[in-house]
Amino acid sequence: MAVERMTPEAKQAARQQAQQRGMTLCDAVLEECLTDLQGQLYALRHRKPTLEVLEGGRV
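Each value, and the rule that gives it
Residues numbered from 1 in each chain as written. Predicted model: local features only at pLDDT ≥ 70, side-chain atom pairs only at ≥ 80, totals over all residues. Heavy atoms only, no water. Helix = DSSP H or I, 4+ residues; strand = E, 2+ residues; numbered from the N terminus. Buried < 20%, exposed > 50% of the residue type's maximum accessible area, 1.4 Å probe, protein only. Areas by Shrake-Rupley, 256 points an atom, 1.4 Å probe, with all protein chains shown as cover. pLDDT = per-residue confidence, 0-100.

A tally of helices and strands in the protein chain yields three helices and zero strands. Residue burial in the protein chain is summarised as follows: out of 59 residues, 12% are buried. Per element, the accessible surface of the protein chain, about 5,400 Å² overall, is 53% carbon and sulfur.

Structure follows, in structure tokens:
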């Protein structure tokens, strides 16, 4: 579902990344989403939580 919502440029970049790393497109996108989520969860550990706005996403 996330891949369907991506811009053509983002899909192309994700395809290249996946091909370089020998993984599927979905796995490459999932890994990127999880990396972003990990950063946000780490930010929530601080006394003053901060959230990052992701390109094309919500806070």
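Quick look at the confidence of the model for the protein chain now. In this model, the protein chain carries a mean pLDDT of 84, and residues with pLDDT of at least 70 account for 86%. Across the protein chain, helix 2 (residues 8-21) holds the top mean pLDDT of 93, while helix 1 (residues 2-5) sits lowest at 85.

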